[in-house]
Amino acid sequence: MLGQVATLGRYKGIADTMGVRWRGFPGWFITRSYHLYQLPLLTRKLRVVTDWTASLFFPRDISELSMLGHPRRLE
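Residues numbered from 1 in each chain as written. Predicted model: local features only at pLDDT ≥ 70, side-chain atom pairs only at ≥ 80, totals over all residues. Heavy atoms only, no water.

### Here's the deal with the packing of aromatic side chains
For clarity, the cut-off: Stacked, tilted and edge-to-face pairs are distinguished by plane angle, under 30 degrees for stacked and over 60 for edge-to-face with tilted covering the rest, among Phe, Tyr and Trp rings (Trp via its six-membered ring) whose centres lie within 6.5 Å. The helix and strand labels rest on DSSP assignments: H or I over at least four residues marks a helix, E over at least two residues marks a strand, and numbering proceeds from the N terminus. Type-normalised accessible area, obtained with a 1.4 Å probe on protein chains alone, sets the label of each residue: buried when under 20%, exposed when over 50%, and partly exposed for intermediate values.
This structure, assessed with the given rule, holds 3 aromatic pairs. Between Tyr 11 and Trp 28, the ring centres sit 5.1 Å apart and the planes meet at 75°, which makes this aromatic pair edge-to-face. Of the two residues, Tyr 11 sits in the loop between strand E1 (3–9) and strand E2 (12–17) while Trp 28 sits in helix H1 (residues 25–38), which places them 17 residues apart along the sequence. Owing to a relative accessible area of 7%, Trp 28 belongs among the buried residues under this scheme. Taking 5.2 Å as the distance between ring centres and 35° as the angle between the ring planes, the aromatic pair formed by Phe 25 and Trp 28 counts as tilted.

### Digging into the sheet that holds E2
Rule in force here: Should DSSP find at least two bridges between two strands, the strands are taken to pair. The axes used here are C-alpha line fits, helices contributing only the stretch in contact, and every angle between their N-to-C directions lies in the interval 0 to 180 degrees. A contact between two residues is defined here by any heavy atoms of the two lying within 4.5 Å.
Strand order across the open sheet formed by 3 strands is E1-E2-E3, with antiparallel pairing between neighbours. The open sheet has two free edges, formed respectively by E1 and strand E3 (20–24), since each of these has just one partner strand. Here the strands of the sheet are splayed against their neighbours by 5° on average, with no regard to which way each runs. One ladder, built from 6 bridges, connects E1 with E2; its direction is antiparallel. Note on E2: the bridge partner recorded for Gly 3 is Thr 17. With respect to the sheet, H1 is in contact with E1, E2 and E3, its orientation differing from that of E3 by roughly 105°.

Dropping the structure here:
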């Protein structure tokens, strides 16, 4: 095993790589890099990098989450 990684929130994470512990933004960056490395196809990697890059400049879009708390009724 080379290490462990975990995301703790927006721009926060922890990583333990080969005995070196990272936390905060560097830990988050290492975690994201590891997850990106694990994606199988180049097209998926590009799509995820594009999404992650856009999320660095824009706030979280909560309009997508509005239906989670109040699902539609089937009538």
